[in-house]
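# Fold and contact review
Each chain, letter by letter, is given below.
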Amino acid sequence: MSTLTTSAPHPTAAPLRIGPHTVAPPVVLAPMAGITNAPFRTLCREFSGGKGLFVSEMITTRALVERNEKTMQLIHFDATETPRSIQLYGVDPVTVGKAVRMIAEEGLADHIDLNFGCPVPKVTRKGGGSALPYKRHLLRAIVREAVTGAGDLPVTMKMRKGLDDDHLTYLDAGRIAVEEGVTAIALHGRTTAQHYGGTADWDAIARLKEHVPEIPVLGNGDIWSAEDALRMVRETGCDGVVVGRGCLGRPWLFADLVAAFEGRTDSFVRPTLREVADVMVRHATLLGEWIGDEARGVIDFRKHVAWYLKGFAVGSEMRKRLAVTSSLEALRAGLDELDLDQPWPAGADGPRGRTSGNNRVVLPDGWLKDPYDCAGVGEDAELDTSGG
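### Re the environment of Thr 60
You can see Thr 60 is positioned in strand E5 (residues 53-60). We classify Thr 60 as buried; its relative accessible area is 7%. Placed 39 residues apart in sequence, Thr 60 and Ala 99 show a C-alpha to C-alpha distance of 9.0 Å.

### Considerations on helix H9 (residues 226-236)
Regarding H9, the residues found buried are Ala 226, Asp 228, Ala 229, Leu 230, Met 232 and Thr 236. Considering only its buried residues, H9 is in contact with helix H8 (202-211), strand E10 (217-220), strand E11 (240-243), helix H10 (253-261) and strand E12 (268-269). Looking one or two residues past H9, Gly 237 carries a phi angle of roughly 75°, positive in sign.

### Considering the environment of Gly 162
The residue Gly 162 is located in the loop between strand E8 (155-160) and helix H7 (170-179) in this model. Its relative accessible area of 1% is what places Gly 162 among the buried residues. Between the C-alpha atom of Gly 162 and that of Arg 270, which follows or precedes it by 108 residues, the distance is 37 Å. Not counting residues up to four positions away in its chain, the partners in contact with Gly 162 are His 167, Leu 168, Thr 169, Thr 191 and Thr 192.

### Let's talk about the pairing of E5
Among the eight residues of E5, eight are classified as buried, and the element is accordingly described as predominantly covered. Relative to strand E6 (residues 85-89), E5 is paired through four bridges, and the arrangement is parallel. Across the sheet, residue Met 58 finds its bridge partner in E6, namely Gln 87.

### Re the confidence of the model for the chain
The predicted model of the chain averages 90 in pLDDT, with 90% of residues at 70 or higher. Across residues 4-11 the pLDDT falls below 50, and counting only partners more than four positions away or on other chains, this stretch makes 20 contacts in the model.

### Details of the sheet that holds E6
Around the barrel, eight strands lie side by side as E4-E5-E6-E7-E8-E9-E10-E11; this closed barrel has parallel pairing. Strand-to-strand twist of the sheet, defined as the mean angle between neighbouring strand axes without regard to direction, takes the value 25°.

### Some thoughts on the packing of helix H6 (residues 136-150) against H7
The N-to-C vectors of H6 and H7 enclose an angle of 30°; their axes lie 10 Å apart at closest approach. In this view, H6 runs roughly parallel relative to H7, as classed from their interaxial angle. Regarding H6 and H7, the two cross each other, and that crossing is right-handed. Across from Arg 136, Leu 139 and Arg 140 in H6, the residues of H7 making contact are Asp 172, Ala 173, Ile 176 and Glu 179. Here the residues of the contact of H6 with H7 sort into three nonpolar, no polar and four charged.

Here is what the cut-offs are and how they apply
Residues numbered from 1 in each chain as written. Predicted model: local features only at pLDDT ≥ 70, side-chain atom pairs only at ≥ 80, totals over all residues. Heavy atoms only, no water. Helix = DSSP H or I, 4+ residues; strand = E, 2+ residues; numbered from the N terminus. Buried < 20%, exposed > 50% of the residue type's maximum accessible area, 1.4 Å probe, protein only. Contact = heavy atoms within 4.5 Å. Pairing = 2+ DSSP bridges. pLDDT = per-residue confidence, 0-100. Axes fitted to C-alpha atoms, helices over the stretch in contact; angles between N-to-C directions. Parallel < 35°, antiparallel > 145°, perpendicular 65-115°, else oblique. Left-handed = near helix turned anticlockwise from the far one by under 90°. Nonpolar A, V, L, I, M, F, W, Y, C, P; charged D, E, K, R; others polar.

Structure, rendered in structure tokens:
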């Protein structure tokens, strides 16, 4: 792929330790529902040269314990994936413990991450996701069961700052994580109310790092380029970065991240549209192979089309056409009609994916009355929804 030479020196970063695993450079792919499946992880790992940590889609603990067919497919890892990393979402300590023990005893993964960052109303209104850390005792119980059940497997957790600016939980949650044996914490510098809008608060990441110096702290939020990642580490003192929406339609961002953290200044990927088109077809092909049906794979790929083409001169009608293809032949044929010699467009990096913000936080009745009372969280809080 094409590269862009830069002249400014980039400092190297220390490797990240996640239990027995060394992650160098300290770069983690954030779990995203319907996105970070095995095919997408494969693309990102290929661009990174196998360096970094690539986490699965979020897995609901109850569905895992019940061996739901779709869930069992989602936890399938390619033979080349190491370490194998699963993110779990659960609201019941007993069920979380069962899921973690299942993973450990059956050798299903090498690392477990706990999700406490989902801001979706249908989850928070039941007390799950980013609403849960407000209940300190419940958070502690879940983390304790996970760490105990994991045995030798390292357990990490991902969270947000809190419900809103008046109900911040991340410092208390960080202290609970340390006390219960969590190996590392990732903080998305937004509240539940912000969803994905506004600007991520990197100062909060710095405060958390100061608050829990015993374990690594990873920063998440508004990393759209390798330069953003380096700046986050420099400004916050965090031990690594978690990249989510920044790699949508940009799996080669992991090549840039590796180059930046390793101090190489001549390896930033700036693909032509032809090169992007080739990646798009490969992505759709991998999805079809993974699902076991070409058409379903191409249909699943449709959500990625706009992200890949952002910034390039592609007419609205062609964008619509490419977004409704159902075969690799049709996808390739449509792409071949474009001006594939277009260079990487200026301003193509930047926000992608969900950007909504300033939302009312939907919570169970009486949720805010007592930050320690654990009542009010039911099984229906475990929905197959990801985020963070």
